[in-house]
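Structure assessment
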Amino acid sequence: TGLIATTLAQPAFNSYMFPKGTKNVSSLVGAIVSMGSAGNVLGSLSNGLILEKLGRRKTLLVSTFFTIIGSIFQTAANGVPLMIVGRFVAGMALGILNPTIPIYISEIARPAERARLVGIFGLLVAIGFCLANWIGYACSYASGDASWRVALAMQCPLALLLMALTFLLPESPRWLAEKERYEEFDITLRKLCEDESEEFFVQTQVEIREQIHLEAAQRSNHNLGHALLELFAWKNIRRTAMAIMVMQVGILSGSLAIQNYQGILYASLGFKDRKAILISGFYGFMGIIGQIINLLGVSDRWSRRRTMWLGCLVLAVMLSLLMALSRFYGDGKNENGARAGIAFIFLYSGLYAVFFNSTLYTIAAETFPQHLRGYGTSVAALCQGVSGIWLGQVTPFAFDAIHWKYYAVFISSLVALAAFYFAFLTETNQLTLESIAGKFGDETVSPQKAMNLARPSEGDREVGTTEKETGAVTENRA
């Protein structure tokens, strides 16, 4: 994803893909960019089934395999059609990978560190974008087609590394419990809790198993894929809508458009060719800086709700200032004004990372119960990908047609999303995945009741109790 921005700015790429006389260049550029989002949609659509059937670890292996195939197609592209195919396959890999990693992390992390660990994933993503930008800049000094083919080929080594490291990862203990593979569940959970007390381990063990039993008992259909339909049942529609709206800020904030079309933005401020690629390289550092700030001062410290609505308003202010600068200095004649425009693009990138880079997937993954988590997070990512498709198609035309006024679309979207998050977002910070269900009115196994089940009295070892947020339900344990 990060490489496409610098690739589109390479003169050799444009002369190869769009030789003189090529018609509808803006449409072709939009197709190359948006087909990555189209692949993302297909990957997200299938991801729930893959996660349920194969588990979290094997799903990571599937996604890295498609990443390698997509990279090969893009590197070997002999024209726009094969480049589009490569972008589609790589996008499909991303549609599988992006929801899977936060889901996996959320299922192995303690409540007090869940957002921080997903934030480390966000930091690695930011580092990847930064590396992609500098790879693009370094390759701009290569001659001919090597300036973009070598850059696109660099997707393969890191994908192979991820594939190799995945073999060393344990499977999610919650997925193992859901599949009733209890011996593996106990072994994995004990490894994850090896620095905790025995009481903490037993409480976590019992809470996970009892909550999964409770949720399974309430389901009428356990067939593969049926959970996808459950997302839109009245009981779960609030969760689904919330996760979709949370993920939409990743597109409607303008971050994807700015990332993919940096070359157009910098050109509108008077910076072109290699200078634009160099600016993209420095732009990548802002995501890293922002994510580090998130890890040190925001994740697991601020409430999820405040992080979301405040972030939207801050980014709306940044884009408003950028729109004003583009309006008055977009011709590139005033060097100081153009530099100020670049500065606000940089500030925007850093602030996006502070508020949203990892927070979106943290909230989406922790919103759903175990049997819906893979499907729900993937559907939210799918809807994000659909928005990415139309936005990827519209953006180059919009910048050509209305120039600086296009920022108003993102500003108004951010203000509307801020109002939604302030009014409707459910707080999930510092709660176990099992207890979060109670926030949505589900029956849950409380930590205290889990301990009672784990250590029943001598005369009453057969009785277990579950509870709702406001009541209790008694059930007999076999």
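Residues numbered from 1 in each chain as written. Predicted model: local features only at pLDDT ≥ 70, side-chain atom pairs only at ≥ 80, totals over all residues. Heavy atoms only, no water.

**Some remarks on the overall build of the protein**
The condition is simple: Secondary structure follows DSSP: runs of H or I at least 4 residues long count as helices, runs of E at least 2 residues long count as strands, and numbering of each begins at the N terminus. Residue exposure (1.4 Å probe, protein chains only): buried if accessible area is under 20% of the type maximum, exposed if over 50%, otherwise partly exposed. In this analysis, two residues are considered to be in contact whenever any of their non-hydrogen atoms come within 4.5 Å of each other. Each accessible area value is a Shrake-Rupley result obtained with a 1.4 Å probe; residue values ignore everything except the protein chains displayed when judging cover.
A tally of regular secondary structure across the protein gives 23 helices and 2 strands. Within the protein, buried positions represent 55% of all 478 residues. Restricting the contact set of the protein to residue pairs at least 6 apart, pairs at least 24 apart contribute 79%. A total accessible area of about 20,000 Å² is found for the protein, and carbon and sulfur atoms account for 64% of it.

**Here's the deal with the pattern of salt bridges**
What counts, and what does not: One side-chain nitrogen of Lys or Arg within 4 Å of one carboxyl oxygen of Asp or Glu is enough to make a salt bridge.
Under the definition given, this model contains 15 salt bridges. Between E184 and R181 there is a salt bridge, with the nearest N and O atoms lying 2.9 Å from each other. Between D300 and R304 there is a salt bridge, with the nearest N and O atoms lying 3.8 Å from each other. The class of R304 is buried, set by a relative accessible area of 3%.

**Regarding the environment of L319**
Structurally, the position occupied by L319 is in helix α17 (residues 304-329). Along the chain, L319 and I345 lie 26 residues apart, while their C-alpha atoms are 8.1 Å from each other. For L319, the contacting residues outside a window of four places in its chain are S253, I258, Y348, Y407, F410, I411 and L414.

**Looking at the packing of helix α5 (residues 80-108) against helix α20 (residues 370-402)**
Selection criterion: Every axis in this analysis is a line fitted to C-alpha atoms, fitted for helices over the stretch in contact. Angles between the N-to-C directions lie between 0 and 180 degrees. Crossing handedness follows the turn of the near helix against the far one: under a right angle anticlockwise gives a left-handed crossing, and clockwise gives a right-handed one.
Remark: α5 packs on α20, axes separated minimally by 10 Å, with the N-to-C direction vectors making an angle of 145°. The two elements α5 and α20 meet at a crossing, and its hand is right-handed. Side by side, α5 and α20 meet where P99, I103, S106 and E107 of the first sit next to Q370, R373, G374, T377, S378 and A381 of the second.

**Description of the environment of F420**
Take F420: it is sitting in helix α21 (residues 407-424). Sequence separation of F420 and M245 is 175 residues, and the distance between their C-alpha atoms is 8.4 Å. Excluding residues within four positions of it along the chain, F420 makes contact with M245 and L425.

**Section: the side chain of S387**
Position of S387 relative to the elements: it lies in helix α20. Accessibility expressed as a relative area gives 7% for S387, which makes it buried. Non-local contacts of S387, meaning those with residues more than four positions away in its chain, are made with Q248 and I251.

**Description of unusual backbone geometry**
A positive phi angle, near 60°, is found at E180, a position not held by glycine. When you line up the elements, E180 lands in the loop between α9 (173-178) and α10 (182-192). The exposure class of E180 is exposed, given its relative accessible area of 56%. For D300, which is not glycine, the phi torsion reads 65° and is therefore positive. The residue D300 is located in the loop between α16 (273-297) and α17 in this model.

**Details of the packing of aromatic side chains**
Two numbers describe a pair of aromatic rings. These are the distance of the centres and the angle of the planes. Short version of the rule: Whether two aromatic rings pair depends on their centres lying within 6.5 Å, for rings of Phe, Tyr and Trp, where Trp uses its six-membered ring; planes under 30 degrees apart make the pair stacked, over 60 edge-to-face, and the rest tilted.
Inspection of the entire model under this criterion finds 17 aromatic pairs. Look at W134 and F285: their rings are 6.0 Å apart centre to centre, the planes differ by 55°, and that puts the pair in the tilted class. On the criterion of sequence distance, the pair formed by W134 in helix α6 (residues 114-139) and F285 in helix α16 is long-range, its members being 151 residues apart. Given a relative accessible area of 24%, W134 falls into the partly exposed group.

**What to know about the side chain of Q370**
Here is the rule: Polar contact is defined as a pair of N or O atoms within 3.5 Å, subject to the rule that within protein one atom must be able to donate a hydrogen and the other to accept it, and that residues adjacent in sequence are counted only when both atoms are side-chain atoms.
Looking at the element boundaries, Q370 is found in helix α20. At 3.4 Å, the side chain of Q370 and the side chain of E178 are in polar contact. In terms of polar contacts, Q370 uses its side chain to reach the side chain of R373, at 2.7 Å. Ignoring anything within four residues of it in the chain, the contact list for Q370 reads R56, E107, R174, W175, E178, I212 and E215.

Note that every value here comes from positions in space, so none of it alone points to a role or purpose.
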